[in-house]
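# Examination of the molecular architecture
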Amino acid sequence: MLLIVPADPLRPRRPDPHFAPEAQAARAAGHPVAVVDHDALASGRDVTRAVAGVPAADDAVYRGWMLSAARYAGFAGALRARQVTLRTDPDRYRRAHELPGWYAKAAALTPQSRWTVGVDRADFDRARTALGGGPAVLRDWTKSVKHHWHEACFVPELADGDAAWRVATRLRELRDDDFACGFVLRRFEPLAGVEIRTWWVGGRCVLTGPHPDTPTELPDVPVDLGPLAAVVTALDLPFVTADLAWRTDGRWRLVEIGDGQVSDRPSTMAPQALVAALG
């Protein structure tokens with residue numbers, strides 16, 4: 001396995017400090033490591049130069065900052081030109097990275113959702129009314145701004161179209177150029193306690209631990225991964241994360257699936273553990 005990580009912007013031959021522990025763990029385990037210019041990849045400019053230091057490899061795994069599905073496809077194409085094959089191809093990256101790619105197979109485990117393609121108000125209202133009344137959580141296809149909960153994430157009442165649109169407008173402002181594809185409205189479900197993050201390689205759960213937002217906390221309730229395992233198997237994704245939370249009525253609920261390459265590792269998880277699970 002070749003591990004590819006973003007370069008340190010100030011010292012471009014070295015890994016970005018956030019991913020340096022994983023790079024060090026990979027080298028210690030005998031895996032080669034290469035760095036790429038993430039800013040160039042994310043902007044789509046000079047992608048060939050961004051990957052110029054990556055050696056040929058038939059099994060490469062990226063661990064780095066988020067890329068849009070389109071930019072990831074450009075990244076994969078530039079690597080193919082250097083005889084580098086990413087373990088996660090662009091189609092599977094999109095399926096894991098964007099909620100509409102995984103929602104249908106996971107619908108029974110996760111809050112009811114509707115989405116738009118683009119940012120048109122009429123499309124937003126159609127998605128909103130399709131969910132009916134009550135509260136909802138708003139995000140785009142890849143990410144929410146949950147730290148701006150009341151102004152750009154939580155919709156108290158779907159039936160109040162103008163108030164919901166104000167939340168949507170603020171979400172788009174905050175996400176700015178990173179806004180992805182369209183709005184996603186998800187029916188609000190009351191959760192109890194912190195989330196956990198599970199890591200899956202080749203359809204098998206290899207690690208279970210805290211969410212990066214609460215790296216020292218875990219729920220007291222044992223998790224049953226059986227239903228989620230069936231979903232991950234059906235999705236046929238090589239490396240993903242799935243975040244779960246305990247609902248107040250006593251059920252585990254799927255909060256999010258994401259591509260494992262761009263999912264943050266909690267600070268309390270040893271980088272050696274993740275590298276060993278990937279290798």
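- Per an unreviewed UniProt entry, the protein is named ATP-grasp domain-containing protein, and its organism is Micromonospora humida.

## Considering the sheet that holds strand 10 (residues 204–210)
- Taken in spatial order, the 4 strands of this open sheet run 10-9-11-12, and their pairing is antiparallel. At either margin of the open sheet sits one strand with a lone partner, and together these are strand 10 and strand 12 (251–259). Averaged over neighbouring strand pairs, the angle between their axes works out to 25° when direction is ignored.
- Sheet strands touched by helix 10 (residues 226–235): strand 9 (191–201), strand 11 (239–247) and strand 12. Its angle to strand 9, the strand with the most contacts, is close to 40°.
- Helix 11 (residues 271–278) contacts strand 9, strand 10 and strand 11 of the sheet and is inclined by roughly 165° relative to strand 10.

## Side note on unusual backbone geometry
- Positioned with a positive phi, aspartate 176 is a non-glycine residue whose angle comes to about 50°.
- Looking at the element boundaries, aspartate 176 is found in the loop between helix 9 (161–175) and strand 8 (183–187).
- On the basis of relative accessible area, aspartate 176 is assigned to the exposed category, the value being 52%.

## Some points on the UniProt feature "domain: ATP-grasp" (unreviewed entry) in the protein
- In this structure's numbering, the residues bearing the UniProt feature "domain: ATP-grasp" (unreviewed entry) are residues 131–278.
- What you have in residues 131–278 is 26% helix and 32% strand, and the ends, taken at the C-alpha atoms, are 39 Å apart.

## Considerations on the layout of surface pockets
- Approximately 1,100 Å³ is the volume found for the largest pocket.
- Taken together, 45 residues line the largest pocket, and the ones lying closest to its centre are Ser144, Lys146, His211, Asp243 and Glu256.
- Secondary-structure elements contributing two or more residues to the lining of the largest pocket are helix 5 (90–97), strand 6 (136–140), strand 8, strand 9, strand 11 and strand 12.
- Residue composition of the lining of the largest pocket, grouped by class: 18 nonpolar, 12 polar and 15 charged.
- Its boundaries defined by the atoms lining it, the second largest pocket holds a volume of some 390 Å³.
- Taken together, 17 residues form the lining of the second largest pocket, with Met66, Leu67, Ser68, Asp177 and Asp178 sitting closest to its centre.
- Counting residues per element, the lining of the second largest pocket draws most heavily on helix 4 (residues 69–80), which supplies 3 residues.

## What to know about the side chain of histidine 97
- Relative to the elements of secondary structure, histidine 97 occurs in helix 5.
- On the basis of relative accessibility, which here comes to 6%, the residue histidine 97 falls in the buried class.
- For histidine 97, the side chain forms a polar contact with the main-chain oxygen of leucine 67, separated by 3.3 Å.
- With residues near it in sequence (within four places) discarded, histidine 97 still touches Met66, Leu67, Ala69, Trp141, Thr142, Asp259 and Val262.

Parameters and conventions
- Residues numbered from 1 in each chain as written.
- Predicted model: local features only at pLDDT ≥ 70, side-chain atom pairs only at ≥ 80, totals over all residues.
- Heavy atoms only, no water.
- Pairing = 2+ DSSP bridges.
- Helix = DSSP H or I, 4+ residues; strand = E, 2+ residues; numbered from the N terminus.
- Axes fitted to C-alpha atoms, helices over the stretch in contact; angles between N-to-C directions.
- Contact = heavy atoms within 4.5 Å.
- Buried < 20%, exposed > 50% of the residue type's maximum accessible area, 1.4 Å probe, protein only.
- UniProt positions renumbered as here; feature names shortened; annotations may be inferred.
- 1 Å grid on protein atoms, 1.4 Å probe; cavity = no way out; pocket = protein on both sides within 12 Å on 5 of 7 lines; lining within 4 Å.
- Points joined across faces, edges and corners; volume = space filled by probe spheres on them.
- Nonpolar A, V, L, I, M, F, W, Y, C, P; charged D, E, K, R; others polar.
- Polar contact = N/O pair within 3.5 Å; in protein donor to acceptor, adjacent residues only side chain to side chain.

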